[in-house]
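# Report on the structure
Okay, here's what each chain looks like letter by letter:
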Amino acid sequence: MTEINNRITVYFDGKAYEVPAELTIMTAMEYAGFRLVRGCGCRHGFCGACGAIYRIKGENKVHFALACQTQVQAEMHVATLPFFPLNRKKYELDALTPAPATMMHLFPEIFGCIGCKSCTKSCSRSLNVMQYIAYAKRNDLENCAHESFDCVACGICSARCPADISHALVGLLARRLKGKYLSAAASHNKARIEEIVKGEHDAPMTEVMGLSNEEIAQRYNAREIEA
């Protein structure tokens, strides 16, 4: 029997484990005895460190997900992708412009996109990845930034791309260029930066750095939350 008292059989790296059915992939791995040093990150679906690939026994379809956000299923075979070597480019944002040549120079591989939709189909956040790459090719930074805004850089799309595109970094560059050159300046942000440079927030930061984890947790839980 696969299910016994709300416990199910799942497979991590090809080995069977019985785990409670209500767990996520990440917590099920820890329940099974895995010590997650990498690929665990924020645990709330924001950092993209826990990319996972799984297939249900008897099905052909391969699924892509974040391990911290996906509940285990009976006969699930899981492989994790805690890191993918994206093609990172070094650049100084102040030295760049939002001209078409910028994207062409830093990420010429986007022009090798064959429109296969593998990136979109594999996105753990259900983003239209191929569309924002199309925007990048046209140097439509506004739309590229908007479409890629929720990307968590898990790397799964790049692992599936026949053109070897580092989609997450393309979207990141578009958002950086849009923020620096195309968006209206935020006066309150500029003022806060000036305060930081002047050292006006050094004392509170020093105080926080001296707190224990328990004290930081208490302050976090007692913080004022905007409606």
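Residues numbered from 1 in each chain as written. Predicted model: local features only at pLDDT ≥ 70, side-chain atom pairs only at ≥ 80, totals over all residues. Heavy atoms only, no water.

### Thoughts on the domain arrangement of the protein chain
The domain architecture assigned to the protein chain consists of domain 1 (7–81) and domain 2 (93–182). If you average the C-alpha positions of domain 1 and of domain 2, the two centres end up 28 Å apart. At the junction of the two partners, domain 1 supplies ten residues and domain 2 supplies eleven residues. Of all residues in domain 1, Phe64, Leu66 and Leu81 bury the most surface against domain 2, accounting for 58% of the area lost on that side. Counting every contact that joins domain 1 to domain 2 gives one residue pair in polar contact (both at pLDDT 80 or more). If you tally residues by element for the side of domain 1 that touches domain 2, the top one is strand 4 (residues 63–66), at three residues. (Domains from an automatic or database assignment. Contact = heavy atoms within 4.5 Å. Buried area = accessible area lost by both parts, 1.4 Å probe. Polar contact = N/O pair within 3.5 Å; in protein donor to acceptor, adjacent residues only side chain to side chain. Helix = DSSP H or I, 4+ residues; strand = E, 2+ residues; numbered from the N terminus.)

### Let's talk about empty space enclosed by the protein
A water-sized probe, rolled over the atoms, reveals where empty space remains. With the rule as written, the count across this model stands at two cavities of 30 Å³ or more. Size it by volume and the largest cavity reaches roughly 100 Å³. In terms of lining residues, the largest cavity is bounded by 14 residues, among which Cys123, Cys151, Ala153, Cys154 and Cys157 are the most central. At the level of elements, helix 4 (129–137) and helix 6 (156–160) are the ones that each hand at least two residues to the lining of the largest cavity. In this structure, the second largest cavity occupies an estimated 60 Å³ of space. Around the second largest cavity sit Cys113, Ile114, Gly115, Cys116, Lys117, Cys119, Met130, Cys161, Pro162, Ala163, Ile165 and His167, which together line it. (1 Å grid on protein atoms, 1.4 Å probe; cavity = no way out; pocket = protein on both sides within 12 Å on 5 of 7 lines; lining within 4 Å. Points joined across faces, edges and corners; volume = space filled by probe spheres on them.)

### Comments concerning the environment of Lys117
Relative to the elements of secondary structure, Lys117 occurs in the loop between helix 2 (100–106) and helix 3 (118–122). Overall, Lys117 belongs to the partly exposed group, its relative accessible area being 44%. Each C-alpha atom of the pair Lys117 and Ala203 lies 51 Å from the other, and the pair is 86 residues apart in sequence. (Buried < 20%, exposed > 50% of the residue type's maximum accessible area, 1.4 Å probe, protein only.)

### So, the pairing of strand 1 (residues 7–12)
By the criterion of burial, strand 1 is predominantly enclosed, with five of the six residues buried. For strand 1 and strand 2 (residues 15–20), the ladder comprises six bridges, and the chain directions are antiparallel. Bridged to Tyr11 within strand 2 is Ala16. Where strand 1 folds back onto strand 2 in an antiparallel hairpin, the turn is made up of two residues, including Asp13, whose phi is positive at roughly 55 degrees. Relative to strand 5 (residues 76–81), strand 1 runs parallel, the two being bridged by three bridges. (Pairing = 2+ DSSP bridges.)

### Digging into the pattern of salt bridges
Under the definition given, this model contains six salt bridges. With its nearest N and O atoms 3.9 Å apart, the salt bridge here joins Glu18 to Arg7. Residue Glu18 is located in strand 2, and its partner Arg7 is located in strand 1; the two are separated by eleven residues in the primary sequence. Judged by its relative accessible area of 34%, Glu18 is partly exposed. (Salt bridge = Lys/Arg side-chain N within 4 Å of Asp/Glu carboxyl O.)

### Side note on unusual backbone geometry
Positive phi, close to 60 degrees, is recorded for Asn139, a residue that is not glycine. Assignment of secondary structure puts Asn139 in the loop between helix 4 and helix 5 (141–147). Even without glycine at this site, Asp164 takes up a positive phi of about 60 degrees. By the element assignment, Asp164 lies in the loop between helix 6 and helix 7 (167–182).

### Looking at the packing of aromatic side chains
For any pair of aromatic rings, the description rests on two quantities: the centre-to-centre distance and the angle between the ring planes. Within this structure, the stated rule accounts for three aromatic pairs. Between the aromatic rings of Phe12 and Phe34, the centroid separation amounts to 5.8 Å while the plane-to-plane angle is 85 degrees, which identifies the pairing as edge-to-face. A residue pair is termed long-range when its members are at least 10 positions apart, and Phe12 in strand 1 and Phe34 in the loop between helix 1 (25–31) and strand 3 (51–56) qualify at 22 residues. When its relative accessible area of 1% is taken as the criterion, Phe12 is described as buried. The class for Phe34 is partly exposed, based on a relative accessible area of 23%. Measuring from centroid to centroid gives 5.6 Å for Tyr17 and Phe34, while their planes differ by 65 degrees, and the two rings are edge-to-face. Linking Tyr17 in strand 2 with Phe34 in the loop between helix 1 and strand 3, this pair joins segments that are 17 residues apart in sequence. Looking at Tyr17, the relative accessible area reads 19%, which means it is buried. Chaining the aromatic ring pairs together yields one cluster made of Phe12, Tyr17 and Phe34. When the ring centre of Phe107 is taken as reference, the NZ or CZ atom of Lys89 above it lies at 5.1 Å. (Phe/Tyr/Trp six-rings, centres within 6.5 Å; stacked < 30°, edge-to-face > 60°. Lys NZ or Arg CZ within 6 Å of the ring centre and 35° of its normal.)

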